[in-house]
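Reading the structure
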Amino acid sequence: MRDLQLTQVAGTRRSPPAMVYTDDVMEDVRLLDSCESRDDHNDDSHAIVIGEDGFKRIQVRVTGMTCAACSNSVESALKSVHGVFRASVALLQNKADVVFDPALVKLLGMHSSLRFLAPTFLCMDTLRKFDFESLGPPFPVLSGVWGMMISRMQLRMQVLKQRFYLNPGILKTNPDGTLLGQFTIGGMTCAACVNSVEGILRSLPGVKRAVVALATSLGEVEYDPIVISKDDIVNAIEDAGFDASLVQSNQQDKILLGVAGIFSEKDVQLLEGILVMLDGVRQFHYNQLSSELEVLFDPEVVGSRSLVDGVERGSNGKFKLHAINPYSRMTSKDVEEISVMFRLFISSLFLSIPIFFMRVICPHIPLLYSLLLWRCGPFLMGDWLKWALVSVVQFVIGKRFYVAAGRALRNGSTNMDVLVALGTSASYFYSVCALLYGAVTGFWPPTYFETSSMLITFVLLGKYLECLAKGKTSDAIKKLVQLAPATALLVVKDKGGKCIAEREIDSLLIQPGDILKVLPGTKVPADGVVVWGSSHVNESMVTGESAPVLKEGSSPVVGGTINLHGALHIQATKVGSDAVLSQIISLVETAQMSKAPIQKFADYVASIFVPTVVGLALVTLFSWYISGISGAYPKEWLPENGNYFVFSLMFSISVMVIACPCALGLATPTAVMVATGVGANHGVLIKGGDALERAQKIKYVILDKTGTLTQGQATVTDAKVFTGMGRGEFLRWVASAEASSEHPLAKAIVEYARHFHFFDETPATNDGQTPSKGSTISGWLLDVSDFLAHPGSGVKCFIDGKRILIGNRKLMTESGIAIPDQVENFVVELEESAKTGVLVAFDDNIVGILGIADPLKREASVVIEGLMKMGVKPVMVTGDNWRTARAVAKEVGIQDVRAEVMPAGKADVVHSFQKDGSIVAMVGDGINDSPALAAADVGMAIGAGTDIAIEAADYVLMRNSLEDVITAIDLSRKTFARIRLNYVFAMAYNVIAIPIAAGMFFPSLGIMLPPWVAGACMALSSVSVVCSSLLLRRYRKPRLTTILEITVE
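Here is what the cut-offs are and how they apply
- Residues numbered from 1 in each chain as written.
- Predicted model: local features only at pLDDT ≥ 70, side-chain atom pairs only at ≥ 80, totals over all residues.
- Heavy atoms only, no water.
- UniProt positions renumbered as here; feature names shortened; annotations may be inferred.
- Helix = DSSP H or I, 4+ residues; strand = E, 2+ residues; numbered from the N terminus.
- Buried < 20%, exposed > 50% of the residue type's maximum accessible area, 1.4 Å probe, protein only.
- Contact = heavy atoms within 4.5 Å.
- Areas by Shrake-Rupley, 256 points an atom, 1.4 Å probe, with all protein chains shown as cover.
- Pairing = 2+ DSSP bridges.
- Salt bridge = Lys/Arg side-chain N within 4 Å of Asp/Glu carboxyl O.
- Core = buried A, V, L, I, M, F, W, Y, C linked by side-chain atoms within 4.5 Å.
- Phe/Tyr/Trp six-rings, centres within 6.5 Å; stacked < 30°, edge-to-face > 60°.
- Axes fitted to C-alpha atoms, helices over the stretch in contact; angles between N-to-C directions.
- Parallel < 35°, antiparallel > 145°, perpendicular 65-115°, else oblique.
- Nonpolar A, V, L, I, M, F, W, Y, C, P; charged D, E, K, R; others polar.

For the protein, an unreviewed UniProt entry supplies the name P-type Cu(+) transporter and the organism Salix purpurea. As stated in UniProt under Subcellular location (unreviewed entry), the record for the protein gives "Membrane".

What to know about the overall build of the protein
Looking only at helices and strands, the protein has 32 helices and 39 strands in total. Taken across its 1049 residues, the protein has 53% of its residues classed as buried. Here the contacts in the protein between residues at least 6 apart in sequence split such that 68% fall between residues at least 24 apart. As displayed, the protein offers around 45400 Å² of accessible surface, 57% of which is attributable to carbon and sulfur atoms.

Some words on the sheet that holds strand β23 (residues 549-551)
The strand order across the open sheet built from 3 strands is β23-β22-β25, with neighbouring strands paired in antiparallel fashion. At either end of the open sheet lies a strand with only one pairing partner, and these are β23 and β25 (562-563). Where strand β22 (residues 535-538) and β23 come together, 3 bridges link them in antiparallel fashion. When the sheet's bridge partners are listed, V537 is paired in β23 with V549.

A look at the pattern of salt bridges
Inspection of the entire model under this criterion finds 21 salt bridges. With a closest N to O distance of 3.0 Å, K835 and D718 form a salt bridge. Linking K835 in the loop between α25 (821-832) and β33 (836-842) with D718 in strand β29 (residues 715-721), this pair joins segments that are 117 residues apart in sequence.

Here's the deal with the nonpolar core
In terms of nonpolar packing, the biggest core is built from 147 residues, with I698, M940 and Y955 touching the most fellow members. The leading source of residues in this core is helix α30 (residues 963-997), at 13 residues. With residues near it in sequence (within four places) discarded, M940 still touches I698, M922, V923, G924, L933, A953, Y955, L957, V965, A968 and I969. The next biggest cluster of nonpolar side chains, apart from the first, holds 28 residues, and it includes V734, A735, F787 and I804.

A few points about the environment of A675
Position of A675 among the secondary structure elements: in helix α19 (residues 661-681). When its relative accessible area of 0% is taken as the criterion, A675 is described as buried. Along the backbone, A675 and F976 are 301 residues apart, and their C-alpha atoms lie at a distance of 9.7 Å. In this structure A675 touches I686, L692, L971 and T975, once residues within four positions along its chain are discounted.

A look at the packing of aromatic side chains
Evaluation of the coordinates by the stated rule reveals 20 aromatic pairs. Geometrically, the ring pair formed by F395 and Y428 is edge-to-face, given 5.0 Å between the ring centres and 85° between the ring planes. Linking F395 in helix α10 (residues 381-397) with Y428 in helix α12 (residues 416-441), this pair joins segments that are 33 residues apart in sequence. Where F651 meets F1002, the ring centres are 5.9 Å apart and the plane angle is 65°; that geometry is what we call edge-to-face. With F651 in helix α18 (residues 644-658) and F1002 in helix α31 (residues 1002-1005), the pair connects residues that are 351 residues apart, well separated along the chain. The exposure classification of F651 matches that of F1002, with both residues buried. Here the aromatic residues W624, Y633, W637, Y644, F647, F651 and F1002 are joined through ring pairs into a cluster of three or more.

What about the UniProt feature "transmembrane region" (unreviewed entry) in the protein?
Taking the numbering used here, the UniProt-annotated feature "transmembrane region" (unreviewed entry) corresponds to residues 340-360, 372-397, 418-440, 452-469, 601-625, 645-667, 983-1006 and 1012-1032. Between the C-alpha atoms that bound residues 1012-1032 the distance is 32 Å, and the span itself is 90% helix and 0% strand.

Structural notes on the environment of G559
The residue G559 is located in the loop between β24 (556-557) and β25 in this model. G559 gets classed as buried once you look at its relative accessible area, which sits at 8%. On a C-alpha basis, the gap between G559 and K574 in space is 9.1 Å, while along the polypeptide they are 15 residues apart.

Here we look at the pairing of strand β19 (residues 499-506)
Where strand β18 (residues 487-493) meets β19, 7 bridges bridge the pair, whose relative direction is antiparallel. Directly across from V491, in β19, lies its bridge partner E502.

Brief notes about the packing of helix α4 (residues 191-202) against helix α17 (residues 599-629)
Running from N to C, α4 and α17 point in directions that differ by 95°, and their axes come no closer than 8 Å. The angle between α4 and α17 places the two elements in the roughly perpendicular class. In this structure, α4 uses A191, A192 and N195 to contact α17, whose residues at the interface are A602, D603 and A606. Among the residues forming the contact of α4 with α17, the class breakdown is 4 nonpolar, 1 polar and 1 charged.

Structure follows, in structure tokens:
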């Protein structure tokens, strides 16, 4: 009866499940969560029935009972509750029928449902009697409501401390109900291991997507928490023989805390007791080994800082808590892995040096050599020493190779560890057999103990260097994480809003709405807006903009940037995963996790590589052996006291250990990791390896005009009136009409009119918006009624009874207003000057025209010419009229223009260029251009600033500079040139090295690679590929003055 479970019977309304526990996993005890009193029930079995005598009846489903003893035990436990009138348990129906006095047995409301306390306590108490010793001492049976509440608290504290369980009903999930978890996976050595782990994860029920990265030793899994838990995923990976642990997930209601001040079991119980009594705490788990506390909480009830404060206050300052960044845990794991690999290498080297010394040096030192030749039992002293030392290297230090090879074979795959295990084992066991053969027959064949030990030593050296190099590839994320300050100054205010104190807090505990003080020279701790003060902020580390930006009242600030001069008070708006810095890190991390299509080649080769190499090794063995015994080569080639089998075996072992699948597996992911990190440092965020691969093949770049080619800051350059109305009055009427519009051109008109009238205050509140119709602002705008905006055309309204129309030709034509030739000629003149003409009509007559220009970016023409030099054809697409579009295109040097295109039509333009299979990139601001960004092969959102969560784009260009388009394409080309070089090296290495190791050149040139030399070559091959990828860190983006020197390779 270990897995007894209480649930509501069919027919009652279901609500989210309660916390779920078992004796070991605590997942199978579900209490009656939503029991509602009803006046009328068609079926007694439904929920609670109130009888005439005031008693209530409830039916509960009980699962986990296996025999009559179980049902009797549950029944006795229920009857022992003070206030229960009758209880009967049916074993076959798995039901319990309970009649109780509601005055004595209370119901506690929770989450708009009712929870029955007595069965909660008593059923768990019953479970304790049935082999539930881990729950601790028996709970005291206390009568009354307070007694049951205390018992419930003790019970909850006992079961919570066993294990933290993720309840799917209270997780923050993706819109489709799935969770995204990131797991560290240890023990992967090559692409074959990656394929094996991915296959295992994808076969699990409830897993929607799984991606594993060899270079980062991380796996990203999207799963349905209702079907499978994170622990099931970890167990599946560990069952396959790999190490695994959860790093982080996209939960917004979970926090990881380090706890100081716990020295005994009583301290642990005190901590658990405090957490149980805190409102909003749902589940928690304290790890005594790491002193880490994982808490799942309700963010609507309690905040992360309130939770920490509550624990510290409840312990009277005994406990000190600090938030732990999951990325710092990953870094510590990397350091730990490097440290472990270094210790293994040093240990192996320490034991291998004496073996090498005895083989090479000692024969030249008579005294030492005579000691080694001293017979001790059946063997020489030297043989005993070699055997002992090599056995430690082979089976203690080299145990990891056997373990990894075993799990690979168990999963139906092969990897580098299989080759190392086979090669070293062949050398070791042959040497052991040679010793035994010599002891029996008196003929002593040569032994090759040093081959095994030296081979393992060199492989471990290669792994250590590889770990160091792989750690360098993730430097970009480490640098981004370090941008965030560790602490922040919280401004404490009283109810009246007056500052009464300042308090230093952990920056990970900042909550939205907090007022934070930023001192000169310190980093901004969170995204927010300035509420007090003025200063310049260096945003180069986030946006790439080198010039400091002025920040004053209502200015947005980004966490991680540096405040240069004055002090600021900011109000936090975005924290945690919503912050800009966190999103940048997430984008870079996602890119490094993704696989470029070219990686499929390496995955395929890895799947057949090891079996092929083993086959070649066997062919080598039998070819040399058969050739030897048939007299195809002379006996003089054999080593001293050797035979044909030993001679052939050495060639075979060399073939097995010189072949390296690791180099192939690391060729792409390491280059992609370095490239995405380099791109982030230059303000170019790449969302994945597939986008990086497509970008190097771009043939067409489609650029939006407004905000992409132009600065996106419209200004009025011309104002012409065709009637006798004064210019100031004309602008006043136009500004009054446009003040209610959100369009950038409308804001430009209002700003121009304000300056014309020399008014200092802005003509509207809330960033230029008129609060309501009919109101006047600053006393200079007229009352407006019946305002109506026509997207893509203009606006209509009434002022003093006159109908006012402001817009383009289309608006005038649709409103039945004729455009005189004089007006048309002036509009044409404006459009040919790359300006937009805005017509103004009062009633049915056009009274004036406004000319609005959006200046081109200074680098636009140079970048366009640079793209053409790179073999990329630029295309401009805009919703503006043809004359203005052609004028802008002529100024920047674009030949292909598409004008008067609505936002939805831009995607059709993209499709038209894709018809012949060309790779098309779309560069836009990521707002109106999102359909085209999604339709393009490569979408680039330019000038995203702090709004980087643009799902449609593949590249996010943080700066508002066209130079980054060149950088994105240039970086992708250089990255894939490096990847191709890596593949050429990895393939060429194996193609050349395997024949040499097989002895193909031994008959003609006398070249023979001993197995330990072959092992050293194998170890260094993967290191060289990683180092080749690391050369991308030296990438320098093309400068504006050198862009024109770029040519198509």
